[in-house]
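Observations on chain architecture
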Amino acid sequence: MTSLKQNQHLNYDEKKMKKLISNRESARRSRKKKQQQLDELRVQINQLKDENKVMMRKIDGATGAFVAVNSENNVMRAQVTELADRLRLLNDVLYVAQEVSGLVMDIPEVSDALMEPWQLPCPVQPVTALDIDMC
């Protein structure tokens, strides 16, 4: 019986050792898999950082283009106001000349559309991202 107990004890020790080895191998595979996932995440982080830099450059370019166009638009609005005022003054001179000379002149009225150019009956041309070089 002693030998039977020893065999059982050996079998138990062998099973225990096999289980220990199996667990160690499983833990090693798990660590290796986690390391691969971590490496992939690091690569993804670098790719996203690069994409972010590209997007920020595009945003900066678009912002710069917007500022330039907005500034030009403000200048043009001021010019429209100035030209409309000049036209009104010239019309006033023509009215005085008409009254003094007695001649009938066709003096056009200054359109309100000159003061509100965004309401002119012009076709609206959409501006797409392809129209602006953002790189």
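Everything in this summary refers to the structure shown in the same document.

Basis of the calculations
- Residues numbered from 1 in each chain as written.
- Predicted model: local features only at pLDDT ≥ 70, side-chain atom pairs only at ≥ 80, totals over all residues.
- Heavy atoms only, no water.
- Helix = DSSP H or I, 4+ residues; strand = E, 2+ residues; numbered from the N terminus.
- Areas by Shrake-Rupley, 256 points an atom, 1.4 Å probe, with all protein chains shown as cover.
- Patch = residues over 30% accessible without salt bridge, like charges linked within 9 Å, V, L, I, M, F, W, Y side chains within 5 Å.
- Salt bridge = Lys/Arg side-chain N within 4 Å of Asp/Glu carboxyl O.
- Buried < 20%, exposed > 50% of the residue type's maximum accessible area, 1.4 Å probe, protein only.

From N to C terminus, the chain includes one helix and zero strands. A total accessible area of about 12400 Å² is found for the chain, and carbon and sulfur atoms account for 60% of it.

A contiguous nonpolar surface patch, about 280 Å² in accessible area, is contributed by M17, L20 and I21. In this fold, I21 is placed in helix α1 (residues 2-101). Under the relative-accessibility criterion, I21 is labelled exposed at 52%.

Right, let's get into the pattern of salt bridges. With the rule as written, the count across this model stands at five salt bridges. Note that R86 is salt-bridged to E82, the shortest N-O span being 2.9 Å. One end of the pair is R86 and the other is E82, both in helix α1 and four residues apart, which spans about a single turn. Note on R86: relative accessible area 47%, which makes it partly exposed. Taking relative accessible area as the criterion, E82 reaches 41% and is therefore assigned partly exposed. Here D85 ties to R88 by a salt bridge, and the two come within 3.7 Å at their closest N and O atoms. Of this pair, D85 and R88 both sit in helix α1, three residues apart, which is roughly one turn of the helix. Overall, the relative accessible area of 38% leaves D85 in the partly exposed class. The class of R88 is partly exposed, set by a relative accessible area of 31%.

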